Amino acid sequence: MTEPGGTPATAPIGSRAAAEGYVEMVCFKHGPPQLQGVELEWTVHYADDPHRPLDADLLSKALGAHAPATLVPGSPQLPLGRGALVTVEPGGQVEISGAPSASVTRLIDDTAADAAELTSLLSAAGLVLGDHGLDAYRPPRRILTVPRYAAMERAFAQLGPHGPRMMCSTAGLQICLDAGEADQTATRWRALHDLGPTLVALFANSRRRTGEDTGWASARTEATFGTCAPFTEPPPLDGDPAAAWARMAMEAPVLCLRRGDNWDAPAGLTFGAWADGALPGDSPTYEDLEYHLSTLFPPVRPRGYLEVRYLDTQAGDGWIPPTVLLTALMSDPVLIDRAMAAAEPAAGRWFPAAREGLDDKLILQAARDVVDLGIEVLDRTGIGPDRLGPELVSDVATRLSRVVDDTQRRRAS
């Protein structure tokens, strides 16, 4: 196995500077925006009692040959019918992720078919997918026993209650977009962050936790931001995003030291310090660095492409409106500028968005303007001749308008 640039994956990293350079090289890959992808995640519940703790053996049987090796060692992890792989998170949340597509229409069709297949597999075992970004019924409980999650759970538990919640009780909708040409990347990076508070509020649905009102419109966002602050919070957006991300990755704590059966890392060890020799006789490799990057959970994560991670999962096919909206808004530089202008009143207001949702006046203003712009351009994907059909455009526009209109009516009453 060789990393980009011809470096062996098992080669030791000699310094923090070398590690930073590698991160800058691999995390933002430049080129014309062509592809988009989506990953859907859900909590899993018993159909007859959503409060019951999930049984790992039952989930294994329900998924069958589609189960990942983290749940069933040695499983072939066969893809679903349209190609999506099923993965399982520490608390038993299931996720499907298919290949990216140059066609939004095809992406929606394939993802919807695989989601329906997963729903059928679980239903046969008396299980159902959750409708919210946070388990509204049960406290966090880890059912995967692999070393990665054991180490992460112990590390997060030292920082407060949010880490176990994020690992075992949250479910998100992830939308993946190309980073764009080198001269566009910084703007696309900023735009996805500037739009973040508005979109968090528009699609927030995780107010309840273990049966009680948390006081947060998106308690999933509260849990994620609180897991390992500031590394799970929005980053500074000034300067070169690749350099800033590389610095943040070096300053983030190592959560998993993949040595032996116990992967606990020394308290306070950062990757930058490790690369600079903090553990005599044990230098990290490029494989270790890639693994470290997979343990970072910011609102937008660069993985060569840009992985938007800040949205609550949606009930049923509710993932389609945010996917289409964000893809359309990011479809060309002129629209990106207009989207940033529309979102400007809410830009940076992540915590008010997560706590108050659309009840925050500035965020509601931004949401109205972003939705109006989105509806205007919903048939745009920016990818060649691909256009969404009129029925889908009309349905998405209606659903987006309803979110804002319902809030305005409620505030006026």
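Residues numbered from 1 in each chain as written. Predicted model: local features only at pLDDT ≥ 70, side-chain atom pairs only at ≥ 80, totals over all residues. Heavy atoms only, no water.

Engineer: When you look at the overall build of the chain in this model, what are you seeing that I'm missing?
Structural biologist: Across its full length, the chain carries 16 helices and 10 strands. Whereas a compact globule of 413 residues would reach a radius of gyration of roughly 22 Å, the chain reaches 21 Å, a difference of no more than 12%. For the chain, the spread of C-alpha atoms along the principal axes amounts to about 65 × 50 × 40 Å. For the chain, buried positions account for 53% of its 413 residues. Nonlocal contacts in the chain, meaning residues at least 24 apart in sequence, comprise 74% of its contacts between residues at least 6 apart. Summed over its atoms, the accessible surface of the chain is roughly 16,800 Å², and 52% of this surface lies on carbon and sulfur atoms. Charge separation in the chain, taken as the distance between the mean sites of 36 positive and 54 negative side-chain charges, equals 4 Å. (Helix = DSSP H or I, 4+ residues; strand = E, 2+ residues; numbered from the N terminus. Rg over C-alpha atoms; globule rule 2.2 N^0.38 Å. Buried < 20%, exposed > 50% of the residue type's maximum accessible area, 1.4 Å probe, protein only. Contact = heavy atoms within 4.5 Å. Areas by Shrake-Rupley, 256 points an atom, 1.4 Å probe, with all protein chains shown as cover. Lys, Arg positive; Asp, Glu negative; His and termini not counted. Charge placed at Lys NZ, Arg CZ, Asp CG, Glu CD.)

Engineer: Teacher, can you tell me more about the nonpolar core here?
Structural biologist: For soluble globular proteins, nonpolar side chains are generally found buried alongside one another. Ranked by size, the top nonpolar core spans 119 residues in total, and within it Leu-59, Leu-63, Val-94, Leu-122 and Leu-195 carry the most contacts. Looking at which element gives the most residues to this core, the answer is helix H15 (residues 361–376), with seven residues. With sequence-adjacent residues up to four places away left out, Leu-63 is seen in contact with Pro-68, Leu-71, Val-86, Val-88, Val-94, Leu-118 and Leu-122. (Core = buried A, V, L, I, M, F, W, Y, C linked by side-chain atoms within 4.5 Å.)

Engineer: What is the right way to look at helix H2 (residues 56–63) in this model?
Structural biologist: An α-helix turns once every 3.6 residues. As a result, residues three or four positions apart point the same way. Those residues of H2 lying buried are Leu-59, Ser-60, Ala-62 and Leu-63. All buried residues of H2 fall inside an arc of 165° around its axis, so they share one side. Away from its buried face by more than 90 degrees, H2 exposes Asp-57 and Lys-61. Those residues of H2 hidden inside the fold are in contact with strand E3 (85–88), strand E4 (94–97), helix H3 (104–123) and strand E5 (127–129). In this structure Asp-55 caps H2, since a side-chain oxygen of it lies 3.2 Å from the backbone nitrogen of Asp-57. One or two residues past the end of H2 sits Gly-64, with phi positive at roughly 60°. (Arc of directions from axis to C-beta. Polar contact = N/O pair within 3.5 Å; in protein donor to acceptor, adjacent residues only side chain to side chain.)

Engineer: Can you walk me through the packing of aromatic side chains in this structure?
Structural biologist: By convention here, two paired aromatic rings are described through the distance between centres and the angle between planes. Here the structure, examined in full by the defined rule, presents seven aromatic pairs. Ring centres 5.0 Å apart and planes at 55° place the aromatic pair Tyr-22 and Tyr-286 in the tilted group. Taken together, the residues span a long stretch of sequence, with Tyr-22 in helix H1 (residues 16–27) and Tyr-286 in helix H11 (residues 286–293) at a distance of 264 residues. Residues Tyr-22 and Tyr-286 agree in their burial class; the two are buried. When the ring of Tyr-310 is compared with that of Trp-350, the centres are 5.4 Å apart and the planes differ by 65°; the resulting orientation is edge-to-face. With Tyr-310 in strand E10 (residues 306–312) and Trp-350 in helix H14 (residues 350–356), the pair connects residues that are 40 residues apart, well separated along the chain. In this pair, the class of Tyr-310 matches that of Trp-350, namely buried. Ring-pair connections join several aromatic residues into one group, and the members of that group are Phe-225, Tyr-310, Trp-350 and Phe-351. One residue, Arg-52, lies across the ring of Tyr-46, its end atom 3.7 Å from the ring centre. (Phe/Tyr/Trp six-rings, centres within 6.5 Å; stacked < 30°, edge-to-face > 60°. Lys NZ or Arg CZ within 6 Å of the ring centre and 35° of its normal.)

Engineer: Could you clarify how one ought to interpret the packing of H15 against helix H16 (residues 390–412) in this entry?
Structural biologist: Two quantities define a packed helix pair, namely the angle between the helix axes and the distance between the axes. Packing of H15 against H16 leaves a shortest axis separation of 10 Å and a crossing angle of 155°. Accordingly, the angle class assigned to the pair H15 and H16 is roughly antiparallel. As for the relative orientation of H15 and H16, their crossing is left-handed in sense. Contacts between H15 and H16 pair Lys-361, Leu-364, Ala-367, Arg-368, Val-371 and Ile-375 from the former with Ala-397, Leu-400, Ser-401, Val-404, Thr-407, Gln-408 and Arg-411 from the latter. For the contact of H15 with H16, the per-class residue count stands at seven nonpolar, three polar and three charged. (Axes fitted to C-alpha atoms, helices over the stretch in contact; angles between N-to-C directions. Parallel < 35°, antiparallel > 145°, perpendicular 65-115°, else oblique. Left-handed = near helix turned anticlockwise from the far one by under 90°. Nonpolar A, V, L, I, M, F, W, Y, C, P; charged D, E, K, R; others polar.)

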